Each structure stands twice: as structure tokens, then as C-alpha cells.
Amino acid sequence: MTIVSDTTPIISLIKINRLDLLEKLFQEVLIPDAVYHELTTNQTFSSEAEEVKKAAFLKVSPVQNKQSIQILQAVSGLDDGESEAIVLAGEKQSDVLIIDERRGRKVAQQLGITITGTVGVLVQANNEGMLSKADAKICLDFLKQSNIRLSETLIQDALNMMK
């Protein structure tokens, strides 16, 4: 199974101390250079950067077609990380792209890429017995308190999908 991730889901999972779920669910997660750069050089995420550097299951995988990144950014307005993650997911014919930003999700879907997000990871972890529904609710509440944009409808829908 080939999984690619954008920056925000990794940051979100680190905030709730559940980055381990990515490794448990997928064993290996590919991230493009721009995502690794965003995760490890931004002063805002200095504590998260150390976790990323230690996470051996996060594998940096460079995008081959740089022109595709430029074209995608020009037509969509996506940032470097989102653009590279989408292009990498296409190049690797990934099974899933983990991405949270609405515009990036829409572009990926238009390109035929299967997506999920942080909430989807929590739902999958619950359904595979790695996270109780009560713990997932705590994670969702903490994400919302951490200024991650989650609607009440999304939270309820996620909880309704859980065991």
C-alpha cells in the first residue's frame, strides 16, 4: 500500500500525540521534499520537527516531474507542500493521499486521487481497533481546541462512522 501525506495531517496528529497511528495503519508514509521542509524548518513547528526527524516510517520521496508542480500551483494556487503531495501521489499511484486543506482535497479528487484526512485517519484507527471511540472523541475535541478547523457536522459524522 502506498500512502502519501501533506503537512497538516502530520502536524495535527503530532498535536494530539497520535502520529503513531500513521505507522500502525500504513507502516510507511511518503512525504515529498516540500512537506519535509515545511515540517522541519518552520520555527512555528520546532518541537514537531524533532518528532518528524525521528519518525523512521516517514520517508522523503522527491517528486520527479517538477513542471507538474509549477503547473498545479499556477492553476490552483496551492502551496508547495500541497502541490508536491498531490503530484507525488499521482506519480506513485498512491492508494491514499492524506490531506486536510479543502482546496487541495478538491484538486486531488478532480485528478482521481483517493483522499482522506486527519479525521479519516482517526476513523480508520478506530475501525481497526487501534483507538476507542472515546479516545477518538478526545482527539477530535483537542484538534478543534487547537484551532484546527473542524465543523461540528464533520465531528458528528466521524463519530457516527466509528464503532
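So, a few notes on the structure that sits alongside this text. Please read these numbers as outputs of a predicted model, since none were measured by experiment.

Among the structural elements, Glu-48 can be located in helix H4 (residues 46-54). Taking relative accessible area as the criterion, Glu-48 reaches 10% and is therefore assigned buried. With residues near it in sequence (within four places) discarded, Glu-48 still touches Ile-11, Ile-14 and Lys-15.

With that out of the way, let us pick up unusual backbone geometry. Of note, Gln-93 is a non-glycine position whose phi angle comes to about 50°, a positive value. Here Gln-93 lies in the loop between helix H6 (80-91) and strand S4 (96-98). Backbone geometry places Asn-147, a non-glycine residue, at a positive phi of 65°. When its relative accessible area of 70% is taken as the criterion, Asn-147 is described as exposed.

With that settled, consider the nonpolar core. One broad trend across soluble globular proteins is that nonpolar side chains are buried collectively. Ranked by internal contacts, the top residues of the largest apolar core, which has 38 residues, are Ile-10, Leu-19, Leu-22, Leu-58, Leu-122, Leu-140 and Met-162. Elements that contribute at least two residues to this core include exactly helix H1 (7-15), helix H2 (20-26), strand S2 (29-31), helix H3 (33-41), S4, helix H8 (118-127), helix H9 (133-145) and helix H10 (152-161). Element by element, the count of residues in this core is highest for H8, at five residues. Val-4, Leu-30, Ala-89 and Ile-113 belong to the second-largest nonpolar core, a separate cluster that totals 17 residues.

Here Ser-12 lies in helix H1. Apart from the residues within four sequence positions on either side, Ser-12 is in contact with Asp-100, Thr-118, Leu-143 and Ile-148.

Next up on the list: the side chain of Asp-6. On the secondary structure map, Asp-6 appears in the loop between strand S1 (3-5) and H1. Nearest to the buried, unbridged Asp-6 among oppositely charged side chains is Arg-105, at 9.4 Å. Engagement of the side chain of Asp-6 in a polar contact is seen with the backbone nitrogen of Glu-82, the distance being 3.5 Å. Leave out the neighbours within four places in its chain, and Asp-6 touches Val-35, Gly-81, Glu-82, Ala-85, Ile-98, Ile-99 and Glu-101.

Procedures and definitions
- Residues numbered from 1 in each chain as written.
- Predicted model: local features only at pLDDT ≥ 70, side-chain atom pairs only at ≥ 80, totals over all residues.
- Heavy atoms only, no water.
- Helix = DSSP H or I, 4+ residues; strand = E, 2+ residues; numbered from the N terminus.
- Buried < 20%, exposed > 50% of the residue type's maximum accessible area, 1.4 Å probe, protein only.
- Contact = heavy atoms within 4.5 Å.
- Core = buried A, V, L, I, M, F, W, Y, C linked by side-chain atoms within 4.5 Å.
- Lys, Arg positive; Asp, Glu negative; His and termini not counted.
- Salt bridge = Lys/Arg side-chain N within 4 Å of Asp/Glu carboxyl O.
- Polar contact = N/O pair within 3.5 Å; in protein donor to acceptor, adjacent residues only side chain to side chain.

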